[in-house]
Amino acid sequence: MLPFRISQQGSGEETTIEVSEEDRVQTWPEDARLTVVGHGHGRLEGNQKVTGRARYTYDVRLPGQLYAKVLRSPHPHARIERIDTTAAEQLPGVHAVLSSANAPGITWYENSSLFDTTVRMIGDEVAAVAAESEEIAEDALRLIDVTYTPLPFVVDLESALQPDAPKVWEGGNISQEPKVYDRGDADAGLRDADVVVDETFTTASVLHNSLEPHGCTASWEGEYLTLWNSTQSVFTIRQEVAEALDLPEHRVRVIKEHMGGGFGAKQIAWKQDVLAALLSRQAGRPVQLMLDREAENLVVGNRPSTRQRVRLGAKRDGTLTAISAELVQARGAYLTGGEASNVSGIYQTLYKCPNVHTDETTVYINAGPAVAFRAPGHVEAAFALEGAMDQLARALDIDPVELRRRNYAEIDQTEDKPYSLPEGLRLCYDRLTEAIGWDTYQRPEPTGPKRRGIGFAAHDWAAGSGHPPAYAWIELNGDGTADVVTGTQDIGTGTRTGLAQVAAEELGLPLDRIAFHLGDTATGPYSPVSSGSATQASMGPAIRAAALDVKEQLFRVASTVLEIPADRLSARDGKILVDGDMSRAVPIEDIMGQISPATLHGRGARGPNPSDLAIRTFGGQFIELEVDIETGEVTLHRIVSAHDIGRIVNPTVVDSQVIGGITQGIGFALTEGRVIDHRLGLVLNPDLEEYFVPTIADVPSIDHVHVNVPDVKANTTGAKGVGEPPLIPTAPAIANAIFDAVGIRIRSTPLSRDRILAGLATAAEAASQKPEVPA
Amino acid sequence: MIATPPLSSRIPVTLTINGRDHPLLVEPRRTLLDALRHDLELTGTKKVCDMGNCGACTVAVDGQAMYSCLLLAVDCDGRDITTIEGVASGNELDPLQQAFIEHDAFQCGFCTSGQIMNLHVLLDRHDNPTDEQIQRTVTGNLCRCGAYPNIAKAARRAVELKAARPNADPVPSGGR
């Protein structure tokens with residue numbers, strides 16, 4: 001039994017009680033000689049994925065399963081006056097129809113409901129049908145007659161802020177109290193500066209476009225509901241769906257085996273999760289409700305568009321005297337839960353600066369709701385801050401990396417806490433400049449219309465530390481194999497493999513003798529949502545604790561069998577060693593065979609993070625590219641990336657995460673952006689034809705330079721998260737490289753050809769009008 | 001308004017999938033993709049965009065890589081169809097499948113079937129394709145996890161593995 005602590009804070013109604021379990025596992029030291037952790041290994045589920053046998057939510061097929069489709073609002077803002085579903089109900093093959101006429105009144109999105117009679121965006125749910133095939137369900141939707149009264153709408157950030165703008169909600173278009181942060185006096189800092197950069201940047205709303213859409217299959221057995229759900233958090237879905245349906249949590253089971261991507265948008269329950277359950281109950285048959293690509297891109301999340309005015313003040317030597325940022329982001333028609341999209345954060349923490357002001361306003365528009373998207377807030381803000389820093393470096397004629405070194409933060413200035421690995425970002429700077437040969441770097445000469453440039457950007461990220469509560473169980477079987485049982489989920493990132501490696505290391509078992517279980521609320525203990533790059537760092541320590549627990553029991557058994565004190569025993573490579581001597585090794589299965597069919601059961605909990613340290617991830621990127629000044633085309637040549645993510649548990653999988661994050665960063669920088677027709681409120685590219693995600697031809701050589709310094713103060717494994725960080729510096733590094741190549745600063749994403757050509761034209765015009773300098 | 005055709009208007013079709021004949025009754029509007037996924041429960045072929053933009057549903061039809069979401073099942077009667085489920089020989093993985101695992105050429109795996117099917121057709125035709133041919137082959141296969149560099153490496157590795165197999169096709173280098 002682990003030490004268990006109950007702490008109480010506050011009093012009266014404000015009381016919060018927290019339970020935590022101290023982690024008694026010894027942290028792996030920085031130079032620990034580990035045999036499984038730290039070594040590359042292919043994904044444990046690889047075979048299923050390359051043979052088509054991996055079962056995703058979309059692939060669930062149950063006897064009698066029906067298929068559901070949702071009728072969605074064609075208006076960005078309207079009142080539903082009348083809805084008639086009679087014809088749809090009578091269509092052969094239709095088994096359930098739901099709309100505001102018959103659905104239970106379930107509150108959703110603040111003061112809205114599951115089927116609200118006011119729709120606030122194109123795509124809002126109006127009715128849902130379950131039928132024997134997708135085709136019949138589509139036919140049924142066409143038979144539903146709805147009368148709408150269109151209402152005034154607004155779909156862009158700037159218009160929504162105007163005083164006479166149509167109101168998305170009665171209370172107006174400001175969705176939350178502006179978030180204001182002040183440290184020191186930024187105005188004074190700007191006055192004291194020798195140089196001030198004052199730039200306004202905008203970023204486009206981008207769409208997650210996970211290849212597997214959101215959706216689920218619902219099936220009832222009496223009062224018990226099972227939901228197969230494409231989600232980043234089986235336990236969040238269980239809690240939110242149970243609450244919406246007024247069910248106790250133990251009557252809801254959520255399963256997620258494999259998932260075709262989430263990127264932040266699948267960490268909360270969405271309407272279809274409840275709709276599928278209601279349709280299934282009405283029909284008395286299992287119902288699958290997967291969104292089509294258009295709905296996926298309209299209603300279940302996006303990265304919000306932003307406008308950011310950034311002012312940086314600095315002394316001649318580069319010392320920052322002030323950072324001031326006025327920030328606006330468009331949240332869409334509804335506020336959603338999950339990981340916050342904090343655009344202010346990076347301004348407050350990335351650089352050492354005594355005077356910081358941020359002011360963040362969130363705005364409603366009549367469009368799809370924003371939700372966390374891989375490093376939410378930081379990706380948008382890094383584009384602006386790191387662009388402004390590049391501008392500052394040029395204004396001061398200081399090397400851009402040197403400027404960042406001169407403003408190095410070793411503490412979290414918002415909480416006045418030292419970082420757990422204060423040298424982390426500096427190590428990234430060192431490795432990156434070395435890898436690219438920065439000290440002697442020479443830009444290749446222009447060839448024809450092609451101009452070469454290189455850009456740099458740094459980042460921090462507020463997450464990656466992992467956190468409690470998180471639990472794991474390990475069953476050591478009679479034949480010396482182990483089942484690691486958790487309630488976490490693999491969202492496509494390699495969770496099974498990285499966590500199984502931690503178990504194998506601690507148990508002293510080869511990886512192929514471990515089965516890793518996850519993604520089922522009925523069989524595994526609570527695990528947190530897979531967001532905030534947290535899974536490895538949350539679950540790893542819990543799994544180590546469970547492994548230690550079961551290993552100690554194994555040593556007790558072995559001690560009896562071998563007649564050697566338990567404290568002289570250790571485990572490695574499937575064997576029990578006496579005094580660390582491999583020549584006196586006894587196979588674990590021989591020991592377990594003595595007690596079989598009894599098994600040993602270990603239990604582990606994630607201990608708390610240190611209260612006196614701030615745990616963060618850091619990094620940076622160099623990007624080399626070429627701009628064609630005749631066509632505006634940008635061709636990426638090389639990306640070098642380094643990140644302080646603590647100990648690298650599985651370099652194979654981590655490299656893939658880095659490459660993948662950067663690839664999404666390339667899309668955010670160069671080609672991606674939701675386009676809305678302002679007159680119609682219509683999203684013009686809710687598909688994969690006109691919405692341009694990067695293809696294989698868009699991705700250059702990407703080198704991940706391993707920093708790989710275990711963060712031994714962070715948790716017992718020394719590993720931090722890698723999922724989100726690599727995407728953060730990509731767009732500003734590309735924008736800075738474009739400036740380096742052609743001398744124009746594009747302040748809006750996507751950094752499209754038309755913007756580059758317009759920038760080049762403006763620059764050429766300005767140059768031609770420059771008065772001649774007298775000789 | 002479109003009414004559902006009565007069941008009797010379903011049309012008999014025989015789909016030859018991975019070497020086996022499957023007689024089916026399908027609506028004329030049912031795509032090959034839906035016939036695979038629903039009528040035959042061959043769910044390895046994935047639906048992502050359902051309009052020919054992403055490549056996830058790629059299968060081989062008479063030796064050509066095709067988007068199964070853009071084919072009607074009734075048009076595939078008598079055609080020889082290979083899906084991801086038919087790429088391995090029993091439990092022995094195809095060189096491409098093996099190379100995809102070795103080179104970590106996927107993360108979530110949702111695009112993987114389509115990537116492998118497209119490359120499978122390429123490697124059937126060319127013993128030693130150029131890097132450009134490999135890239136061009138999967139340019140239409142979107143991968144949101146961004147496994148692209150590893151997909152290219154895996155394809156290259158599969159060429160080696162294939163050449164090393166004892167029963168490798170003795171077609172001269174360069175293919176046909």
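Residues numbered from 1 in each chain as written. Chains lettered and ligands numbered in written order. Predicted model: local features only at pLDDT ≥ 70, side-chain atom pairs only at ≥ 80, totals over all residues.

Caption draft 1: Looking closely at the overall build of chain B. Across its full length, chain B holds five helices and five strands. Secondary structure elements of chain B, listed N to C terminal, follow the sequence β-β-α-β-β-β-α-α-α-α. Looking at the 176 residues of chain B, the share that counts as buried comes to 53%. The long-range share in chain B, meaning contacts at least 24 apart out of those at least 6 apart in sequence, stands at 59%. (Helix = DSSP H or I, 4+ residues; strand = E, 2+ residues; numbered from the N terminus. Buried ≥ 20, exposed ≤ 12 C-beta atoms within 10 Å, placed from the backbone. Contact = placed C-beta atoms within 7 Å.)

Caption draft 2: Main features of the overall build of chain A. A count of helical and extended segments in chain A gives 18 helices and 34 strands. What you see for chain A is a C-alpha radius of gyration of 28 Å, in line with the 28 Å of a compact globule of 775 residues. When each of the 775 residues of chain A is scored for burial, the buried share is 58%. Contacts in chain A between residues far apart in sequence, at least 24 positions, make up 81% of those at least 6 positions apart. (Rg over C-alpha atoms; globule rule 2.2 N^0.38 Å.)

Caption draft 3: Molecular detail of the confidence of the model for chain B. Taken as a whole, chain B shows an average pLDDT of 92; of its residues, 90% reach a score of 70 or greater. Both scores are available for the predicted complex, with the pTM at 0.96 and the ipTM at 0.96. (pLDDT = per-residue confidence, 0-100.)

Caption draft 4: Representation of the sheet that holds strand S9 (residues 125-131) of chain A in the model. Residue and element names in this part refer to chain A. Across the sheet, which stays open at both edges, the seven strands sit in the order S5-S9-S3-S16-S13-S14-S15 with mixed pairing between neighbours. Looking at strand neighbours, the two that pair on one side only are strand S5 (94-99) and strand S15 (252-255), the edges of this open sheet. Direction aside, the axes of adjacent strands within the sheet are offset by 20° on average. As defined by bridge partners, strand S13 (residues 215-221) adjoins strand S16 (residues 287-290) across four bridges and the pair is classed as antiparallel. The partner of Gly-215 across the bridge, within S16, is Met-290. Where helix H3 (residues 134-142) meets the sheet, its contacts fall on strand S3 (66-72), S5 and S9, and the angle it forms with S3 comes to roughly 30°. On top of the sheet, helix H7 (residues 271-283) reaches S3, S5, S9, S13, strand S14 (224-229) and S16; it is set at about 35° to S13, its chief contact. (Pairing = 2+ DSSP bridges. Axes fitted to C-alpha atoms, helices over the stretch in contact; angles between N-to-C directions.)

Caption draft 5: Helix H16 (residues 651-671) of chain A, seen in detail. Spanning 21 residues, H16 of chain A covers 29 Å between terminal C-alpha atoms, matching the ideal 30 Å at 1.5 Å per step. The buried fraction of H16 of chain A is high, at 19 of 21 residues. (Expected span 1.5 Å × (residues − 1).)

Caption draft 6: Spatial organisation of the nonpolar core. All names here are of chain A. Ranked by size, the top nonpolar core spans 290 residues in total, and within it Ala-68, Val-129, Ala-503 and Ile-738 carry the most contacts. Top element by residues in this core is helix H14 (residues 535-562). It accounts for twelve residues. Each residue touching Val-129, except ones within four places of it in the same chain, is listed here: Ala-68, Lys-69, Ala-88, Val-94, Val-97, Ala-137, Ala-140 and Leu-141. (Core = buried A, V, L, I, M, F, W, Y, C linked by C-beta atoms within 7 Å.)

Caption draft 7: Focus on unusual backbone geometry. Residues and elements named next belong to chain A. Of note, the amide linkage connecting Pro-468 to Pro-469 takes the cis form, showing an omega dihedral of -5°. By the element assignment, Pro-469 lies in the loop between strand S22 (450-461) and strand S23 (471-476). Even without being a glycine, Asp-573 presents a positive backbone phi close to 50°.

Caption draft 8: Summary view of the pairing of S9 of chain A. All names here are of chain A. In terms of burial, S9 is largely enclosed, as seven of its seven residues are buried. Pairing of S3 with S9 involves six bridges; the strand directions are antiparallel. Along S9, the bridge assignment pairs Tyr-67 with Ala-131. With five bridges joining them, S5 and S9 adopt antiparallel strand pairing. Across the sheet, residue Leu-98 finds its bridge partner in S9, namely Ala-128.

Caption draft 9: Quick peek at the sheet that holds S23 of chain A. All names here are of chain A. If you walk across this open sheet you meet the four strands as S25-S24-S23-S29, and the pairing is mixed. Looking at the sheet topology across the chains shown, the edges are occupied by strand S25 (514-517) and strand S29 (600-605). Averaged over all pairs of adjacent strands, the angle between strand axes in this sheet comes to 15°, irrespective of strand direction. One ladder, built from six bridges, connects S23 with S29; its direction is antiparallel. Across the sheet, Glu-475 pairs through a bridge with His-601, a residue of S29. In the packing of helix H13 (residues 495-507) onto the sheet, contacts are made with S23, strand S24 (482-485) and S25, and the angle to S25 comes to roughly 135°. Taken strand by strand, H14 contacts S23, S24 and S29, and its axis lies near 145° from that of S29.

Caption draft 10: Quick look at the packing of helix H6 (residues 234-245) of chain A against H7 of chain A. All names here are of chain A. Remark: H6 packs on H7, axes separated minimally by 10 Å, with the N-to-C direction vectors making an angle of 55°. Classified by the angle between their axes, H6 and H7 sit oblique to one another. In the crossing of H6 with H7, the sense of the turn from one axis to the other is right-handed. Side by side, H6 and H7 meet where Ile-237, Val-241, Ala-244 and Leu-245 of the first sit next to Asp-273, Val-274 and Ala-277 of the second. Counted by class, the contact of H6 with H7 contains six nonpolar, no polar and one charged residues. (Parallel < 35°, antiparallel > 145°, perpendicular 65-115°, else oblique. Left-handed = near helix turned anticlockwise from the far one by under 90°. Nonpolar A, V, L, I, M, F, W, Y, C, P; charged D, E, K, R; others polar.)

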